[in-house]
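Chain by chain, the residues run as shown.
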Amino acid sequence: MAGVEFSRVRKEFGGFTAIEALDLRIEEGEFVSLLGPSGCGKTTTLRMLAGLEFPTAGEIRIGERVVNDVPPGQRDIAMVFQSYALYPHMTVRRNMEYPLRKRGLPAAERQASVLMAAEMLQLTELLDRKPRQLSGGQQQRVALGRALVRDPQVFLFDEPLSNLDAKLRGHMRAELVELHARLGRTMVYVTHDQLEAMTMSDRIAIILAGELQQFAPPQEVYRAPANRFVAGFIGMPSMNLVDGRLAHGSGSWQFMAPGIALPVPALAETAVAGEACLGVRPEHVHIGAGELQGRVQLVEQTGHENIVVLAVAGGIRLTCRTPASMIPRMGDTVDFRIDSERVHVFAPGDTGPRLNLPA
Amino acid sequence: MMRRILFNLSVWSAVLIVAFPLFWMVVTSLKPQVELWARPPALLPLEPTLEHYLTLLRDTSFLVYFRNSVLLSTATTLLVIGVAALGAYSLVRFRYRGRESLAMLVLFTYLLPSVILILPLYLMMVKLGLANTLVSLVLAYTTFALPYALWLLRSFMAGIPEDLESAALVDGATRLGAFRDVILPQLLPGIISTALFTFILSWNEYLFALVLVNSDATRPLTTGVMNMLISSFNIEWSMLMAASVMMSLPLIIAFSLLQKYLTRGFGAGAVKG
Ligand SMILES: Nc1ncnc2c1ncn2[C@@H]1O[C@H](COP(=O)(O)OP(=O)(O)OP(=O)(O)O)[C@@H](O)[C@H]1O
Ligand SMILES: [Mg+2]
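This one's a predicted model, so the numbers in the text were calculated from it and none came from an experiment.

Regarding the interface of chain B and chain A
Accessible area lost during the coming together of the parts is what is often quoted as the interface size. Contact residues are listed per partner, giving 24 residues for chain B and 28 residues for chain A. In total, about 2,100 Å² of surface goes out of reach between chain B and chain A, with carbon and sulfur atoms giving 56% of it. Across the contact surface, chain B and chain A share three salt bridges. Applying the counting rule to chain B against chain A returns ten residue pairs in polar contact (both at pLDDT 80 or more).

Concerning a nonpolar patch on the surface
Judged by side-chain polarity, Met1, Met2, Ile5, Leu6 and Leu9 of chain B come together as a nonpolar surface patch covering roughly 590 Å² of accessible area. Mapped onto the fold, Leu9 of chain B is located in helix 1 (residues 2-30).

Things to note about helix 5 (residues 166-183) of chain A
Residues and elements named next belong to chain A. The end-to-end C-alpha distance of helix 5 is 26 Å, a good match for the 26 Å that 18 residues give at a rise of 1.5 Å each. Buried within helix 5 we find Met172, Arg173, Leu176, Leu179 and His180. All buried residues of helix 5 project into a common sector of 130° when viewed along the axis, lining one side. In helix 5, the exposed positions that point more than 90 degrees away from the buried face belong to Lys167 and Ala181. Here the buried face of helix 5 lies against strand 3 (31-35), helix 3 (107-120), helix 4 (136-148), strand 7 (154-158), strand 8 (186-191) and helix 6 (194-200).

Concerning the sheet that holds strand 5 (residues 65-66) of chain A
All names here are of chain A. Strand order across the open sheet formed by four strands is 2-1-4-5, with antiparallel pairing between neighbours. Two strands bound the open sheet, and with one partner strand each, they are strand 2 (16-26) and strand 5. Pairing geometry for strand 1 (residues 4-13) and strand 2, over seven bridges, is antiparallel. Along strand 2, the bridge assignment pairs Phe6 with Leu24.

Looking at the sheet that holds strand 15 (residues 285-301) of chain A
All names here are of chain A. Reading across the sheet, the four strands line up as 17-16-15-18 and stay open at both edges, with antiparallel pairing between neighbours. The sheet is open, and its two borders are formed by strand 17 (317-323) and strand 18 (333-338), each paired with just one other strand. Geometrically, the sheet is characterised by an average inter-axis angle of 55° between neighbouring strands, direction not taken into account.

Details of the site of ligand 1
Near ligand 1 the following residues occur: Phe13, Phe16, Ala18, Ser38, Gly39, Cys40, Gly41, Lys42, Thr43, Thr44 and Glu159 of chain A together with Arg95 of chain B. Note that an oxygen atom of ligand 1 is positioned 2.4 Å from one of the side-chain N or O atoms of Ser38 of chain A. Measuring from an oxygen atom of ligand 1, one finds a side-chain N or O atom of Thr43 of chain A at 2.5 Å. For ligand 1, whose unbound accessible area comes to 630 Å², protein coverage reaches 66%. Listing elements by their share of the shell around ligand 1, those giving two or more residues are strand 2 and helix 1 (42-50) of chain A. By residue number, the principal contributor to the shell around ligand 1 is helix 1 of chain A, which donates three residues. A class-by-class count of the residues in the shell around ligand 1 yields four nonpolar, five polar and three charged.

Focus on the packing of aromatic side chains
Within this structure, the stated rule accounts for 15 aromatic pairs over all chains. Measuring from centroid to centroid gives 6.2 Å for Phe155 of chain A and Phe157 of chain A, while their planes differ by 10°, and the two rings are stacked. Judged by relative accessible area, which is 2%, Phe155 of chain A ranks as buried. Classification of Phe157 of chain A by relative accessible area gives buried; the value is 1%. Taking 6.0 Å as the distance between ring centres and 45° as the angle between the ring planes, the aromatic pair formed by Phe20 of chain B and Phe23 of chain B counts as tilted. Taken as a pair, Phe20 of chain B and Phe23 of chain B lie in helix 1 at a separation of three residues, close to a single helical turn. Between Arg146 of chain A and the ring centre of Tyr87 of chain A, over which it is positioned, the NZ or CZ distance is 4.5 Å. Above the face of the Trp151 of chain B ring, Arg154 of chain B is positioned so that its terminal group lies 4.8 Å from the ring centre.

Cut-offs applied
- Residues numbered from 1 in each chain as written.
- Chains lettered and ligands numbered in written order.
- Predicted model: local features only at pLDDT ≥ 70, side-chain atom pairs only at ≥ 80, totals over all residues.
- Heavy atoms only, no water.
- Contact = heavy atoms within 4.5 Å.
- Buried area = accessible area lost by both parts, 1.4 Å probe.
- Salt bridge = Lys/Arg side-chain N within 4 Å of Asp/Glu carboxyl O.
- Polar contact = N/O pair within 3.5 Å; in protein donor to acceptor, adjacent residues only side chain to side chain.
- Patch = residues over 30% accessible without salt bridge, like charges linked within 9 Å, V, L, I, M, F, W, Y side chains within 5 Å.
- Areas by Shrake-Rupley, 256 points an atom, 1.4 Å probe, with all protein chains shown as cover.
- Helix = DSSP H or I, 4+ residues; strand = E, 2+ residues; numbered from the N terminus.
- Expected span 1.5 Å × (residues − 1).
- Buried < 20%, exposed > 50% of the residue type's maximum accessible area, 1.4 Å probe, protein only.
- Arc of directions from axis to C-beta.
- Pairing = 2+ DSSP bridges.
- Axes fitted to C-alpha atoms, helices over the stretch in contact; angles between N-to-C directions.
- Near = heavy atom within 4 Å.
- Nonpolar A, V, L, I, M, F, W, Y, C, P; charged D, E, K, R; others polar.
- Phe/Tyr/Trp six-rings, centres within 6.5 Å; stacked < 30°, edge-to-face > 60°.
- Lys NZ or Arg CZ within 6 Å of the ring centre and 35° of its normal.

Next comes the structure, spelled out in structure tokens:
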């Protein structure tokens, strides 16, 4: 069993810096997602861990071993590619056998491992087909099978579910979680789908432009985002972010923006008066009563709830969630209230750090 | 219906036009000497004979030339494919300064007419002590087949997803092993068509062979047959045709064996998305 550690890892492509200085410590047996927008360096990070790219600087460890100079085949890892990368000229059986063959296992052992993995993934019927004779979901399972056969220390996944339809994706999410529980191996999972990251991970590493923004369990990332980027990135519909000012008066802090004035509790020592950003989750805006007013601009009914967009003064828009039974009329002006115990305050800037203590 | 008939007619006439010289070559090679100049010419020989073939095989150096051509073309093809496959791999997989310009530069050789290259090449071969050997021809043919082969294989190689190789590396293969187990099988159709192209080019080459070798022991078929059957005074038509038939046979056989590779699609469905 082995964890994974990146220390001060830097990666440049020519003159372009893809990863600035990554520090990340993944514990033994942990399921960690690397989450971030397209081009932020998730794949690059994973490929460095696999040994397919070499870091420009810094150190990567798997277990106790520094692996910077260890070729991919000797790192005791398995990787599932977004494209599946099944060998087209080999049958499913040969595909799954390949890593064992390369390790010089005798034929009988190879057969046993392949059969076991095939059974686990319901591939037994398909063993003698070529990859092109399989559906996307079946190909995905073969790719998974090829990783499973040899019980590596660390599993790497690069968006393995992104080519599947929504239903199959949900099913495979559950399968992977179960697999992780059963094998107890360290798994590093790259995705740009926050739902996948939230539902599967022990911890999520959120990356923006090659820099780690937050590394924490899903609940914490949601409840106490470390900065403005994380706040806006996690959650569907996303958090309302309102630019305004912080003011200090008579021992308490106030946030002010056009049409909004709100006391904010528990600010950190570092907070200063001036520009700031208020973050409010849609579920913490309550329509019905309160001292604030807004005009109903849009109502989306999803079935189990409604998403309502309110236009407040100064061009500010707030998204809120209401129960399914409560359907405001478009164009009406309604009273609403913001749950000031649950708001987030950030310093100005795209990645302005969090200023208040988590509720 | 009408259109189909018209289409078939035009296709068949095209086939006939192309095939007729071949047919005439075979027919002429089977005619006894007396029938050659008969007027009007007979479509089929009245008394078909194999005497020309027998004479060629028994009384001339035809078989030596044939052996030379086979050796020469096979060696050239192997050398060109070996170098071009590795070169194409490097041009596609590794990133280094001047990679694109290098690929362009390679094609530049085709801008020079080969007549200009022949003399320096000949002098070089003399200096290397290779004058008048098959090796000198192999090297010369390689110089003009390699650039094209490199580009052909490069485009085939570029169509092979890099993930396949990455997967093989993670699965425990060395770079060479990944190349052999995963890249090469994917590249096979490309290699076969490139090999065929190179083989035909070497098999039919005339100019370099004329200049670089001039002894009967080292002449390939093209210059050998020319030398033997065509003189300023006379052309041995029926022998020439018999020689031509035997020269075409290897190519025809190779084509019919490899046809399915030439037309087969490449690793479809290997990679999703
Ligand atoms: N081989 C390369 N040469 C040059 N730049 C590269 C190379 N590979 C990646 N990059 C750059 O590094 C950055 C990170 O790329 P990476 O593939 O890691 O992104 P990603 O987070 O996986 O994105 P996606 O979600 O789209 O897959 C990108 O800006 C990309 O353009
Ligand atoms: Mg990626």
